Amino acid sequence: MRVCDYINVVAAKFSAQHLSYGHGTDNPYDEASFLVYAKLNLDFNTEESATRSVSASEINQIETLVRMRIINRTPVAYLVGRAWFAGREYFCDSRALIPRSPIAELIQNEFAGVLDFAPQQILDLCCGGGCIGIAAAIQYPRAQVDLVDISEDALALSKKNITLHNLGSRVQTSHSNLFMKVSKKFDLILANPPYVSSEECDALPMEYGHEPRLGLVSDDEGLELPMSILKDAERFLTENGVLILEVGHSHLVLSERLKDIPLLWLEFGMGGEGVLAIRRAELVQYKARFV
Ligand SMILES: C[S@@+](CC[C@H](N)C(=O)[O-])C[C@H]1O[C@@H](n2cnc3c(N)ncnc32)[C@H](O)[C@@H]1O
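Remember, it's a predicted structure, so these values are computed and weren't measured experimentally.

Cut-offs used in this document
- Residues numbered from 1 in each chain as written.
- Predicted model: local features only at pLDDT ≥ 70, side-chain atom pairs only at ≥ 80, totals over all residues.
- Helix = DSSP H or I, 4+ residues; strand = E, 2+ residues; numbered from the N terminus.
- Rg over C-alpha atoms; globule rule 2.2 N^0.38 Å.
- Contact = placed C-beta atoms within 7 Å.
- Buried ≥ 20, exposed ≤ 12 C-beta atoms within 10 Å, placed from the backbone.
- Pairing = 2+ DSSP bridges.
- Right-handed = clockwise from strand over helix to strand, strands pointing away.
- Axes fitted to C-alpha atoms, helices over the stretch in contact; angles between N-to-C directions.
- Parallel < 35°, antiparallel > 145°, perpendicular 65-115°, else oblique.
- Left-handed = near helix turned anticlockwise from the far one by under 90°.
- Nonpolar A, V, L, I, M, F, W, Y, C, P; charged D, E, K, R; others polar.
- Near = placed C-beta within 6 Å.
- Expected span 1.5 Å × (residues − 1).
- Arc of directions from axis to C-beta.
- Domains from an automatic or database assignment.

Q: Even after reading the chapter, I still don't get the overall build of the protein, so can you show me in this structure?
A: Counting secondary structure elements, the protein contains twelve helices and nine strands. In terms of overall dimensions, the protein is globule-like: its C-alpha atoms have a radius of gyration of 20 Å, near the 19 Å expected for 291 residues. Dimensions of the protein, computed from C-alpha atoms along their principal axes, come out at roughly 65 × 40 × 35 Å. Nonlocal contacts in the protein, meaning residues at least 24 apart in sequence, comprise 68% of its contacts between residues at least 6 apart.

Q: Could you clarify how one ought to interpret the pairing of strand E3 (residues 121-125) in this entry?
A: Among the five residues in E3, four count as buried, and that is most of the element. The pairing of E3 with strand E4 (residues 144-149) spans five bridges and is classified as parallel. Bridged to Leu-125 within E4 is Val-148. A crossover connection joins E3 to the parallel E4 through helix H7 (residues 131-139); in handedness this β-α-β unit is right-handed. Where E3 lies against strand E6 (residues 186-191), four bridges are found, and the strand directions are parallel. Opposite Leu-123, over in E6, you have Ile-189 as the bridge partner.

Q: Please explain the environment of Phe-290 as it appears in this structure.
A: By the element assignment, Phe-290 lies in the segment after helix H12 (280-285). Counting along the chain gives 234 residues from Phe-290 to Ala-56, while the straight-line C-alpha distance between them is 58 Å. Dropping the residues within four chain positions of it, Phe-290 is found in contact with Met-227, Leu-230 and Lys-231.

Q: Would you mind showing me how to read the packing of helix H1 (residues 3-15) against helix H2 (residues 28-39) here?
A: A pair of packed helices is characterised by two quantities: the angle between their axes and the separation of those axes. The contact between H1 and H2 brings their axes to 8 Å, and the two run at 125°. Relative to H2, the element H1 lies oblique. Two packed elements cross with a definite hand, and for H1 against H2 that hand is right-handed. Judged by residue contacts, Val-3, Tyr-6, Ile-7, Val-10, Ala-11, Phe-14 and Ser-15 of H1 engage Pro-28, Tyr-29, Glu-31, Ala-32, Ser-33, Leu-35 and Val-36 from H2. In the contact of H1 with H2, the residues fall into eleven nonpolar, two polar and one charged.

Q: How should H7 be read in this particular structure?
A: Given 3.6 residues to a turn, an α-helix orients residues that are three or four positions apart in the same direction. With eight of its nine residues buried, H7 lies for the most part within the structure. Looking only at H7, the buried set comprises Cys-131, Ile-132, Gly-133, Ile-134, Ala-135, Ala-136, Ala-137 and Ile-138.

Q: For this particular structure, what's the right way to read the sheet that holds E6?
A: A sheet is described by the order of its strands in space; here seven strands give the open sequence E5-E4-E3-E6-E7-E9-E8, paired in mixed fashion. Unpaired on one side and paired on the other, strand E5 (171-175) and strand E8 (264-265) mark the two borders of the sheet. As paired strands, E6 and strand E7 (residues 237-246) are joined by five bridges and run parallel to one another. What sits directly across from Phe-186, in E7, is Leu-237. In the packing of H7 onto the sheet, the strands contacted are E3, E4, E5 and E6, and the crossing angle to E3 comes to about 160°.

Q: Before we go on, may I ask you to explain the site of the ligand in this structure?
A: In the region of the ligand, 20 residues are neighbours, and Cys-126, Gly-128, Ile-150, Ser-151 and Gly-215 sit closest. Residue composition of the shell around the ligand, grouped by class: 13 nonpolar, six polar and one charged.

Q: For this particular structure, what's the right way to read helix H8 (residues 152-164)?
A: For H8, spanning 13 residues, the distance from its first C-alpha to its last is 18 Å, which sits close to the expected 18 Å at 1.5 Å a residue. Here H8 has its buried residues at Ala-154, Leu-155, Leu-157, Ser-158, Asn-161 and Ile-162. Within H8, the buried residues cover an arc of 160° as seen down the axis, which keeps them to one side. Every exposed residue of H8 that faces more than 90 degrees away from the buried side is listed here: Glu-152 and Thr-163. Turning to H8, the residues buried within the fold contact strand E2 (88-91), H7, E4 and E5.

Q: For this particular structure, what's the right way to read the domain arrangement of the protein?
A: Accessible area lost on assembly of the parts is the figure often given for the size of an interface. Splitting the protein by domain gives domain 1 (3-80) and domain 2 (95-289). Taken over C-alpha atoms, the centre of domain 1 sits 30 Å from the centre of domain 2. Tallying the contact residues gives nine residues for domain 1 and six residues for domain 2. The class makeup of the residues in the side of domain 1 that touches domain 2 is three nonpolar, five polar and one charged.

If you want it as structure tokens, here you go:
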């Protein structure tokens, strides 16, 4: 059987189940393609990949993963140990969330309309496997990037990704509860913190249960960590520095609580919502409101 035909077989199996998507793909066909291409180490950009034949033993191995996807609802990125972010591949496992932040698009567009200079010092706060900070380091080859997380497991994965992308001289990791151990100032802080309330988290599809709860849940209707970042970020930004903060669907609650503050919610061509940009001056001006 050719790869393209086998992908259709796998996609039909996924379609017949009520799987949840959103960990890198949003439909059964793309999910099947991701699984088959990754497991067979095929290049997405080469036409021959689709017409190559799949052996019986390869099918056997992939079918084991198909069953794990369907029965255990394990996301494909964890099954193959890899994920894509901003056009590049990363190691991915259950030590950190599967990368899916729309901040990827902002990085690739160099924060058009938000940032009018190339940042020299960048912080990826709540870095998980490090994809946001590493993608920023690749986009801005002169920048120094710090990756911060409270999870030693996530930091170990991010170190693997720094090595994968040969960025050891420009990207470093530190273990910190938000800004607690941070002592520098940054031109750009990128933060995708946990922002799901624990009730919402309990109601999420089984796929999300494979991800570390520490990466998803935040108290106070999901806003405890985002609010804390809004309150403290000004102390760690340079004069013209900007904070980019993702709060996903919790943007509704946050907008309601801060309705008298003109928050700039960014728009995305490739999907996603709930990311705001705020300058240091505004963080200082509204500091008392971020409680
Ligand atoms: C939503 S995940 C984001 C991971 C990664 N930035 C991404 O976009 O895929 C949030 C991350 O925040 C980390 N985290 C949770 N509480 C934290 C805290 N108090 N201080 C620093 N990091 C924290 C978690 O360990 C997790 O890796």
